[in-house]
Amino acid sequence: MQHNEPLMRALAKLVTVNQPDRIFFVGEALVGNDAVDQLKSFNASLVDFQNNPKPRLIDGIILTKFDTIDDKVGAAVSMVYTTGQPIVFVGVGQTYMDLRKVSTEALVNALLR
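Think of each chain on its own: its residues are numbered from 1, step by step along the sequence as written. It should be noted that, the model being predicted, local features are given only for residues of pLDDT at least 70 and side-chain atom pairs only at 80 or more, the latter also being counted only at that level, while totals for whole chains, interfaces and linings use all residues. Side-chain metrics in this entry use all non-hydrogen atoms of the structure; hydrogen atoms and water are not considered.

Asker: Looking at this structure, I do not really get the pattern of salt bridges. What am I missing?
Answerer: Think of it this way: side chains of opposite charge can pair up when their charged atoms draw near. In the sections that follow, a salt bridge refers to a side-chain nitrogen of Lys or Arg positioned within 4 Å of a carboxyl oxygen of Asp or Glu. Going through the model one piece at a time under the given rule, you end up with three salt bridges. For R9, the salt bridge is made with E5, and the minimal N-O distance between the two is 2.9 Å. In this pair, R9 and E5 are both assigned in helix α1 (residues 5–18), four residues apart and thus about one turn of the helix distant. Any residue under 20% of the maximum accessible area for its type is buried, any over 50% is exposed, and the rest in between are partly exposed; the area is computed with a 1.4 Å probe on protein chains only. A residue is classified by how much of its surface remains accessible, and R9, at 44% relative accessible area, is partly exposed. With relative accessibility at 41%, the residue E5 sits in the partly exposed group. Taking the shortest distance from any N to any O, the salt bridge between E28 and K65 comes out at 3.0 Å. Taken as a pair, E28 in strand β1 (residues 24–28) and K65 in the loop between β2 (60–64) and α3 (74–83) lie far apart in primary sequence, 37 residues in all. Starting at the N terminus, helices and strands are each numbered in turn, a helix being any DSSP run of H or I of at least four residues and a strand any DSSP run of E of at least two.

Listed below in structure tokens is the structure:
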């Protein structure tokens, strides 16, 4: 999506017109460090396509397929470090009921294994 210019222009226009309370980046945990590049491109597109002197960036991150990555959480930490924004939810299944708040303790334990 972040490389689809017409789609990102439309998203930036939605952000400008609707002034949402929060903007979340939703990405797959499976892609590893590519997620960091996707996130950077997404934020850059938001800046480039908003006609606003103070463009909005993401407010948080949602990672899907988090239950499939075992101990490979380094990309998640890199995403937080790169943006300064938290991982708000992780997806561990197929439905909205499968969204979980991030357990910082579980993340740190996975890194230290």
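Still more ground to cover, so stick around.
Asker: Is there a simple way to think about the environment of T95 in this case?
Answerer: Looking at the element boundaries, T95 is found in the loop between β3 (87–91) and β4 (99–101). T95 sits in the partly exposed class, given a relative accessible area of 46%. For the pair T95 and L107, spaced 12 residues apart in sequence, the C-alpha to C-alpha distance is 22 Å.

Asker: It is not clear to me how the layout of surface pockets should be interpreted in this structure. Could you clarify?
Answerer: Summary: where empty space remains is shown by rolling a probe the size of a single water molecule over the atoms. Both site types are read off a 1 Å grid over the protein atoms alone. A 1.4 Å probe that fits but cannot get out defines a cavity, while an open set with protein on both sides within 12 Å along at least five of seven lines defines a pocket; lining residues have an atom within 4 Å of a point. Grid points are joined across faces, edges and corners, and a volume is the space filled by probe spheres set on the points. Size it by volume and the second largest pocket reaches roughly 190 Å³. Around the second largest pocket sit 11 residues that line it, and T64, K65, G91, G93 and Q94 are the ones nearest its centre. The classification used treats Ala, Val, Leu, Ile, Met, Phe, Trp, Tyr, Cys and Pro as nonpolar, Asp, Glu, Lys and Arg as charged, and all other residues, Gly among them, as polar. Per-class residue counts for the lining of the second largest pocket are three nonpolar, six polar and two charged.

Asker: Help me understand the packing of helix α2 (residues 34–49) against α3 in this model?
Answerer: Think of two packed helices as two axes; the pair is described by the angle between the axes and how far apart they sit. Under this scheme, a helix contributes an axis fitted over its contacting stretch, all axes are lines through C-alpha atoms, and angles between N-to-C directions fall in the 0 to 180 degree range. The geometry of α2 relative to α3 is characterised by a closest axis approach of 9 Å and an angle of 25° between their N-to-C directions. Regarding the angle of α2 to α3, the classification is roughly parallel. Here the hand of the crossing between α2 and α3 comes out right-handed. Of the residues in α3, those in contact with A35, V36, L39, K40 and N43 of α2 are A75, S78, M79, T82 and T83. Taken together, the residues that form the contact of α2 with α3 break down as five nonpolar, four polar and one charged. Orientation categories follow fixed angle ranges, with anything under 35 degrees roughly parallel, anything over 145 roughly antiparallel, 65 to 115 roughly perpendicular, and all other angles oblique. Left-handed describes a crossing whose near helix is turned anticlockwise from the far helix through less than a right angle; right-handed describes the clockwise counterpart. For this analysis, residues touch if any pair of their heavy atoms sits within 4.5 Å.

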